[in-house]
Amino acid sequence: MTDGHQAVHPTGLRERKKRRTRDALLHAALDLFATQGYEETTVDEIVDAVEVSQRTFFRHFAGKEETAFAVQEMVESRFLSELRRRPAAEPPFEAMRSAVLCAWNSIGEAIEEIITVELHMRTYQMIESTPSLLAAHLRRSIDLENEIAEVIARREGLDVRTDPRPRVAVAAFCGVMRVTGQLWGRGADASVESLRELTETYLDRLGPALTGNWRATTEQPAASPTASAR
């Protein structure tokens with residue numbers, strides 16, 4: 001009679017080995033991209049760094065571009081999962097804000113299981129400075145915005161094709177996320193905490209920035225002649 005645990009064990013070992021190989025390939029690829037450039041790095045160099053075959057690489061990734069966005073894909077998936085779990089009574093923008101902050105509360109450890117957060121920052125900088133990857137990043141951003149808008153519309157019982165509000169709210173939210181990502185990528189602090197803090201600060205400024213009277217809050221009233229003469 002075969003023990004049930006013994007039957008499952010080899011499969012578990014295989015899956016862990018596959019995951020370790022994938023993570024090693026991803027780490028090697030991102031490190032090479034950040035060090036010598038995306039266009040300058042070949043798949044051969046990536047597999048040589050891990051001592052596996054090209055066949056193994058393509059078993060895990062469709063190509064170099066997929067490795068460049070793999071960690072970002074993980075972050076986006078975590079955000080979407082959090083958004084789908086937000087309470088139905090939460091207003092749309094508050095749901096997105098809470099979802100992204102909750103995602104950043106837990107994603108740091110997940111990232112660091114594969115790469116350092118510092119390498120994640122360098123990868124972000126590399127994407128922003130590589131024309132082919134920047135174009136892909138913009139395409140991916142459009143797809144993500146559409147998916148978020150669909151989630152928000154379903155939450156609110158709306159048809160995204162006829163009601164503009166989900167797309168407008170998501171466009172504003174994603175615009176803030178792009179700005180904070182760029183600022184974080186150019187900053188000196190590579191921690192997830194700094195990105196979360198920056199994100200929270202900018203999201204909280206969105207409402208006042210759109211509806212407030214900036215001049216009234218930034219300009220000091222001119223001193224009266226009487227006050228100046230004193």
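Residues numbered from 1 in each chain as written. Predicted model: local features only at pLDDT ≥ 70, side-chain atom pairs only at ≥ 80, totals over all residues. Heavy atoms only, no water.

Let's talk about the nonpolar core
Part 1 of the argument: If you look at the biggest cluster of nonpolar residues, it comprises 57 residues, and the most contacted ones within it are Phe33, Ile46, Phe79, Leu83, Trp104 and Ile148.
Part 2 of the argument: Of all the secondary-structure elements, those providing two or more residues to this core are α1 (4-36), α2 (43-50), α5 (70-85), α6 (92-112), α7 (117-128), α8 (131-156), α9 (165-186) and α10 (192-211).
Part 3 of the argument: Per-element accounting of this core gives the leading share, 10 residues, to α6.
Part 4 of the argument: If we skip the residues at most four places from it in the chain, phenylalanine 79 touches Met96, Ala99, Val100, Ala103, Ile148 and Phe173. (Core = buried A, V, L, I, M, F, W, Y, C linked by side-chain atoms within 4.5 Å. Buried < 20%, exposed > 50% of the residue type's maximum accessible area, 1.4 Å probe, protein only. Helix = DSSP H or I, 4+ residues; strand = E, 2+ residues; numbered from the N terminus. Contact = heavy atoms within 4.5 Å.)

Description of the packing of aromatic side chains
Part 1 of the argument: Going through the model one piece at a time under the given rule, you end up with five aromatic pairs.
Part 2 of the argument: A ring pair is formed by phenylalanine 33 and tyrosine 38, whose centres lie 4.9 Å apart and whose planes are at 65 degrees; its orientation type is edge-to-face. The burial state of phenylalanine 33 is the same as that of tyrosine 38; both residues are buried.
Part 3 of the argument: Between phenylalanine 93 and phenylalanine 173 the ring centres are 6.2 Å apart and the planes differ by 80 degrees, which places this aromatic pair in the edge-to-face class. Remark: phenylalanine 173 occurs in helix α9 and phenylalanine 93 occurs in helix α6; sequence separation between them is 80 residues.
Part 4 of the argument: On the basis of relative accessibility, which here comes to 25%, the residue phenylalanine 93 falls in the partly exposed class.
Part 5 of the argument: By way of ring pairs, the aromatic residues Phe57, Phe58 and Phe61 are connected into one cluster.
Part 6 of the argument: Its end group placed over the ring of tyrosine 38, lysine 64 keeps NZ or CZ at 4.4 Å from the ring centre. (Phe/Tyr/Trp six-rings, centres within 6.5 Å; stacked < 30°, edge-to-face > 60°. Lys NZ or Arg CZ within 6 Å of the ring centre and 35° of its normal.)

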